[in-house]
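# Remarks on the overall topology
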Amino acid sequence: MSERKGNTGPLPGGAEEDPPVVGDREGQDQEERYWLRNRNELSRDGVPYSEWDDSRMLVPSSLELGPGAVDKYVISKQIVRMQEPRRLTTDDMDERRIVYPESTNRALVNRFRDLRTKLLELSGGNNFTIVVSATERGAGASFVSLNLAAAFAFDQSKTAVVIDCNLREPSLHSTLDIMPETGLTDFLDDTDYDIARILYPTGIPRLRLIPAGSRRETPSEFFTSFRMKQFLQAVRRRYPDRFIVLDTAPVTESPDARILSELCDYAMLVVPHGRATPDTVDQAATAFNPKKFVGMVING
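### Section: the packing of aromatic side chains
- Across all of its chains, the model carries seven aromatic pairs by this definition.
- On the numbers, 5.8 Å between centres and 75° between planes, the contact of Phe112 with Phe143 is edge-to-face. Here Phe143 lies in helix α5 (residues 141–152) and Phe112 lies in helix α4 (residues 106–123), a separation of 31 residues in the sequence.
- Taking the relative accessible area as the measure of exposure, Phe112 reaches 7% and is therefore buried.
- A centroid spacing of 4.4 Å and a plane angle of 10° characterise the contact between Phe152 and Phe243, whose relative ring orientation is stacked. Linking Phe152 in helix α5 with Phe243 in strand β5 (residues 242–247), this pair joins segments that are 91 residues apart in sequence.

### Considerations on the pairing of strand β6 (residues 266–272)
- A large share of β6 lies buried, amounting to seven of its seven residues.
- Along β6, one buried face is formed by Tyr266, Met268, Val270 and Pro272 and the opposite face, lined by Ala267, Leu269 and Val271, is buried too.
- Relative to β6, strand β1 (residues 129–134) runs parallel, the two sharing five bridges. Bridge pairing in β6 places Ile130 opposite Tyr266.
- When β6 meets strand β7 (residues 293–299), the two strands line up parallel, connected through six bridges. Its bridge partner being in β7, Val271 is matched across the sheet by Ile298.

### Things to note about the environment of Arg242
- Positionally, Arg242 belongs in strand β5.
- Within the structure, Arg242 has its side chain in polar contact with the side chain of Thr159 (distance 2.8 Å).

### Some details on the confidence of the model for the protein chain
- Residues with a pLDDT of 70 or more make up 71% of the protein chain, whose mean pLDDT is 76.
- At the level of individual helices and strands, the protein chain shows its lowest average pLDDT in helix α2 (residues 62–65), which scores 37, and its highest in α5, which scores 97.
- Note on residues 1–81: pLDDT under 50 across the span, and 168 contacts to partners over four residues away in sequence or across chains.

### Considering the side chain of Arg227
- Secondary-structure assignment places Arg227 in helix α9 (residues 226–238).
- Buried charge without a salt bridge: Arg227, with Asp190 as the nearest opposite-charge side chain at an N-O distance of 6.3 Å.
- At a separation of 2.8 Å, a polar atom in the side chain of Arg227 contacts the main-chain carbonyl oxygen of Phe187.

### Describing unusual backbone geometry
- Non-glycine residue Arg97 carries a positive phi angle of around 55°.
- Here the phi dihedral of Arg206 falls at roughly 65°; this positive angle occurs in a residue that is not glycine.
- Relative to the elements of secondary structure, Arg206 occurs in the loop between β3 (200–201) and β4 (207–210).

### Focus on the layout of surface pockets
- Reported here for the largest pocket is a volume of approximately 410 Å³.
- Only α4, α5 and β7 provide two or more residues apiece to the lining of the largest pocket.
- If one sorts the elements of the lining of the largest pocket by residue count, α4 sits on top with seven residues.
- By residue class, the composition of the lining of the largest pocket is eleven nonpolar, three polar and four charged.
- Here the second largest pocket is characterised by a volume of approximately 300 Å³.
- Taken together, 18 residues form the lining of the second largest pocket, with Arg137, Gly138, Asn166, Glu169 and Pro250 sitting closest to its centre.
- Residue classes in the lining of the second largest pocket are distributed as five nonpolar, seven polar and six charged.

### Section: empty space enclosed by the protein
- Counted under the stated rule, the structure contains one cavity of 30 Å³ or more.
- The volume enclosed by the largest cavity comes to roughly 60 Å³.
- What lines the largest cavity is a set of ten residues, among which Val161, Leu199, Ile210, Val235 and Tyr239 lie closest to the centre.
- Looking at the lining of the largest cavity, the elements that each hand over two or more residues are β2 (159–164) and α9.

### Description of the state of the cysteines
- This structure, assessed with the given rule, holds zero disulfides.
- We note that Cys165 lacks a disulfide partner, and the nearest cysteine sulfur, in Cys264, lies 7.7 Å from it.
- With a relative accessible area of 3%, Cys264 lands in the buried category.

### Some words on the sheet that holds β5
- Spatially, β3-β4-β2-β5-β1-β6-β7 is the arrangement adopted by the seven strands of the open sheet, whose pairing is mixed. Strands at the two margins of the open sheet, each flanked by one partner only, are β3 and β7.
- Contacting β1, β2, β4, β5, β6 and β7, α5 runs over the sheet at an angle of about 175° to β5.
- Contacts from helix α11 (residues 278–285) reach β6 and β7, with the element oriented near 165° to β6.

About the cut-offs
- Residues numbered from 1 in each chain as written.
- Predicted model: local features only at pLDDT ≥ 70, side-chain atom pairs only at ≥ 80, totals over all residues.
- Heavy atoms only, no water.
- Phe/Tyr/Trp six-rings, centres within 6.5 Å; stacked < 30°, edge-to-face > 60°.
- Helix = DSSP H or I, 4+ residues; strand = E, 2+ residues; numbered from the N terminus.
- Buried < 20%, exposed > 50% of the residue type's maximum accessible area, 1.4 Å probe, protein only.
- Pairing = 2+ DSSP bridges.
- Polar contact = N/O pair within 3.5 Å; in protein donor to acceptor, adjacent residues only side chain to side chain.
- pLDDT = per-residue confidence, 0-100.
- Contact = heavy atoms within 4.5 Å.
- Lys, Arg positive; Asp, Glu negative; His and termini not counted.
- Salt bridge = Lys/Arg side-chain N within 4 Å of Asp/Glu carboxyl O.
- 1 Å grid on protein atoms, 1.4 Å probe; cavity = no way out; pocket = protein on both sides within 12 Å on 5 of 7 lines; lining within 4 Å.
- Points joined across faces, edges and corners; volume = space filled by probe spheres on them.
- Nonpolar A, V, L, I, M, F, W, Y, C, P; charged D, E, K, R; others polar.
- Disulfide = S-S within 2.5 Å.
- Axes fitted to C-alpha atoms, helices over the stretch in contact; angles between N-to-C directions.

As C-alpha cells, then:
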C-alpha cells in the first residue's frame, strides 16, 4: 500500500491532496510519471511508498468512457496509511460475531474462509464485487456480508470494503459502532463529493465501511444511476487488491439487490435455516442473473 509525500494534513477519512487530474493522453502520461517518480520515495515516517495505499482516480477517464461521457472527474484522495484510529478488541469482535484469524470459534472462521476460497477459485484469484442479499428480513445478510469482507481482509496483502446498500434499514454502522456523518447516498448525490469522506475505518485491519448515508425512500433511483454504475466499475478496476461486498435489502422485498447484481460480478443469497419455504428460496434465486448467481448460504 502506498502514500505520497506532501505537506497537507489528513482530510476526513484519512485523505491527502489529489494527484494530477488527467483528461487527455498528455495528462495521463504525466500522471503515470508522477506515480512512478513518487513510488520510490519514502513517506514522512520512512515507510516505502509501495507499502502504502494510493487510490488514484476513482472514476474512468473520458479516454475510457468516450469523449464527453464524463463532465467531471471524481478524484479519490489518498487513503493515508491503513491504520485504525481504534482497534476492536477480541471481546468486541466476539460480541459482534465478527470473524478474525485468532478467534476461538474455529468452526465459524473456517466457514467464512471456505466461502472466501470458493469465491476466489471462481474469480481466478482476481478481485470482484459481490451482492449479498437474503430471502427475507432477519435472515442474516448483513452478518454474512460483514464477515465475508472480514475474511478477505485476513490476507495482509488484500483489503476489503463492505458497502451498506440497504438504504431503508442500514445496520452495518451500528454493528461496528460507527457514527457516520456521510455515506453512499451523499456521494451519489454530489458529483464533487470525495470518496475519502465516505470510507470509514472499521477497527478491523484492512477493512473499510461505506455506510448507507442519508435515508432515502427510493433507493432504486440511486442504484440505477450512471454514477452508481461508474462508481462500482471504477472501484473494481482501480483497486486490484480490494474485494467489495454489497449488503442489500432482501431480494424478495425490494428490487435493489437485483439491480445492483447487474452492476456487480456476483450475487449470493442468504437463507435462514428452517424458516424459508422452498417456493420463497426459488423465487429469490431466480431474481438474479444465473450467470452471476454463485449460490446460497444457509444461516442459522
